[in-house]
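Okay, here's what each chain looks like letter by letter:
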Amino acid sequence: MAGMVLRIAQGQAGNRGTAARSGTALIPSGLDREIRRVEADVDRIELQALGEWHALPINASTRMDQVRILGKLLLFDKNLSVNRNEACSFCHMPDTDFTGPISILNQTTVAYPGSVRHRFGHRKPQSYTYAPFYPVLQYNQAQQDFYGGNFWDLRATGYRLQNPAAEQAQDPPVDPNEMGFTDSACLVRRLSQSSYRHLFEIVWGEQAFEIQWPRDVEQVCSKPGPAPANDPFPVRLSKSGRGRSNSTYDQFGLSIAMYEASPDVSPFSSKFDHALAHPDQTVLSPDELAGWNLFHGRAKCNTCHLDGMQNSEAGNSVVVTLGNAASVAPLFTDFTSNNLGLPKNDSIPYYTEDQPDPSGYTANPLGARFVDKGVGGFLRGPDNVNGSWRQYANVFDGRFQTTTLRNVDKRPSPDFVKAYMHNGYLKSLKEVVHFYNTRDTLGNCNRANDPGEKVKCWPPPETPQNVNQTIGRLGLSDREEDQIVAFLKTLTDGYKP
């Protein structure tokens, strides 16, 4: 990527950026080095997983471990991308809660480069942790709301595999801005050539790769996607071969979902979990406990990020104790979606990808005019699997998944910058809580990059319709904001008493 020029903002963390207005700017300094670091970490974890497999006795009692290790190998295999340089985990590493592992990208571009390194997506990488606990997407007529699904816009519905996490895993390999294959069969072809092919066959059967590949398969699978509109399956397979490939691709997704659901990724081992398990002990500090009571009290966080407790009305002085938990493993989400009124983040390079790249692909023909409508965009788009849902698109514009708050502060070092929300506009938990607290009381900023932005004013929402009014004027003091942040930090897994 050295010398490559893109229109990418290079402002300080906390600035909205000026990508759509400022012409060209270089990729953030040091990105090449950071990409090499992550690639090396991916290789190291893949070797570790191969060692786990070779040390594992293969018998009926290890079947769950077989699938778990297979899922881990699939996530950390760089060969499962068009240029053999990007594993799924490139954007989802363990030490950052299986989300973006490059601080300078979280601080600037938010989105991550794909296997074709000059292509960027348009949202922040989501976390894998606890994703398999989301149910299959459904519309609740009584509540007039969607529940379940995966991805920021819920488009991984889970309707076909009955597992949204598995269907989520199937999207990046054929996303032209991510792993970049033209055809899902290309991933199956690469799997058939992998060093762990035998493990896949142990788990799913030797028929998994009994496919007659066409002579030009390597040529087809080395060309970056997307597939031509008039040729959506460029790998020429027989009817039975396509059926076999599709089945193996499903097993790829299900294996990954099994790994994500395992204690390796979703262990319920935070300080808060320890406190729930030991209500007779003093585990949380006074500030953490105060933050938790605000969480399901005046801050109203618990109305969407369910913590196993009943939410208290504003002004209610009743203190809920750990022993009252209705759930000893709360997921800190209600599986719905919300429009929080977030401003547009111009720093995302996707807003400048309005011209054909060397492969002739234009990621975003609308350029800076593109508006990310979230769930509403999914409902009116080609990924919607239920035609009756299209009628709800307008009222779900601007709404994005209510993600779990577990591991929301997990990071490799205190100075590591994490990006928050679907577009990464907020760069710290303090900014997140301050936004929830003051969105409607500070007023709109007067101009782009207003020096008071995020402190004395907020830009207008990207999608002004359907904005959630539960938040915005919570009346919390600065210390109370800090106490909520202190509580959120207790949700990081790996706590050791």
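Everything that follows concerns the structure shown earlier in this document.
Residues numbered from 1 in each chain as written. Predicted model: local features only at pLDDT ≥ 70, side-chain atom pairs only at ≥ 80, totals over all residues. Heavy atoms only, no water.

Engineer: Could you give an account of the pattern of salt bridges, with specific residues and numbers?
Structural biologist: It is possible for side chains of opposite charge to pair when their charged atoms get near one another. A complete count under the given rule lists 32 salt bridges for this structure. Ionic pairing is found between Glu480 and Arg298, a salt bridge with its closest N-O pair at 2.3 Å. In this pair, Glu480 is assigned in helix H13 (residues 478-488) and Arg298 in the loop between helix H10 (286-295) and strand E5 (337-338), connecting sequence segments 182 residues apart. A salt bridge links Asp409 to Arg411, with the shortest nitrogen-to-oxygen separation between them at 2.6 Å. Its relative accessible area of 21% is what places Arg411 among the partly exposed residues. Look at the salt bridges and you will find they share partners, linking Glu52, Asp65, Arg68, Lys72 and Asp264 into a network. (Salt bridge = Lys/Arg side-chain N within 4 Å of Asp/Glu carboxyl O. Helix = DSSP H or I, 4+ residues; strand = E, 2+ residues; numbered from the N terminus. Buried < 20%, exposed > 50% of the residue type's maximum accessible area, 1.4 Å probe, protein only.)

Engineer: Before we move on, can you summarise the packing of aromatic side chains with the specific residues and values?
Structural biologist: Across all of its chains, the model carries 24 aromatic pairs by this definition. Arranged with centres 5.5 Å apart and planes meeting at 70°, the rings of Phe272 and Phe332 form a pair that is edge-to-face. Taken together, the residues span a long stretch of sequence, with Phe272 in helix H9 (residues 271-277) and Phe332 in the loop between H10 and E5 at a distance of 60 residues. The exposure class assigned to Phe272 is buried, which follows from its relative accessible area of 0%. (Phe/Tyr/Trp six-rings, centres within 6.5 Å; stacked < 30°, edge-to-face > 60°.)

Engineer: Explain helix H2 (residues 63-75) to me, and be specific about the residues and the numbers.
Structural biologist: Taking 1.5 Å as the rise per residue, H2 with 13 residues should run 18 Å; its terminal C-alpha atoms sit 19 Å apart, in good agreement. For H2, the buried fraction is high: ten of the 13 residues fall into the buried class. Those residues of H2 lying buried are Gln66, Val67, Arg68, Ile69, Leu70, Gly71, Lys72, Leu73, Leu74 and Leu75. Tucked inside the fold, the buried residues of H2 contact helix H1 (31-55), helix H5 (184-192), helix H6 (197-204) and helix H8 (239-261). (Expected span 1.5 Å × (residues − 1). Contact = heavy atoms within 4.5 Å.)

Engineer: Describe empty space enclosed by the protein, naming the residues involved and giving the relevant values.
Structural biologist: One pass over the structure, following the stated rule, counts four cavities of 30 Å³ or more. Estimates place the volume of the largest cavity at around 70 Å³. Around the largest cavity sit Glu86, Ala87, Cys88, Cys91, His92, Tyr128, Gln168, Pro172, Glu178 and Met179, which together line it. When its residues are assigned to classes, the lining of the largest cavity shows six nonpolar, two polar and two charged. (1 Å grid on protein atoms, 1.4 Å probe; cavity = no way out; pocket = protein on both sides within 12 Å on 5 of 7 lines; lining within 4 Å. Points joined across faces, edges and corners; volume = space filled by probe spheres on them. Nonpolar A, V, L, I, M, F, W, Y, C, P; charged D, E, K, R; others polar.)

Engineer: Just give me the short version of the state of the cysteines, but keep the residues and values in it.
Structural biologist: Evaluated as defined, the whole model comprises two disulfides. Between the sulfur atoms of Cys186 and its disulfide partner Cys221 the distance amounts to 2.2 Å. The disulfide joining Cys186 to Cys221 has a torsion of about -85° about its S-S bond and is therefore left-handed. Here Cys186, found in helix H5, pairs with Cys221, found in helix H7 (residues 217-221); they are 35 residues apart in sequence, far enough to count as distant. Across the pair, Cys221 and Cys186 agree in class, each one buried. Each sulfur in the disulfide pair Cys445 and Cys457 lies 2.1 Å from the other. Handedness here is read from the sign of the S-S torsion; for Cys445 and Cys457, about 95°, the answer is right-handed. Within this pair, whereas Cys445 is found in the loop between helix H12 (429-438) and H13, its partner Cys457 is found in the loop between H12 and H13, the two being separated by twelve residues in sequence. Looking at the protein chain, its bonded cysteines, counted consecutively from the start of the sequence, adopt the pairing 1-2, 3-4. (Disulfide = S-S within 2.5 Å.)

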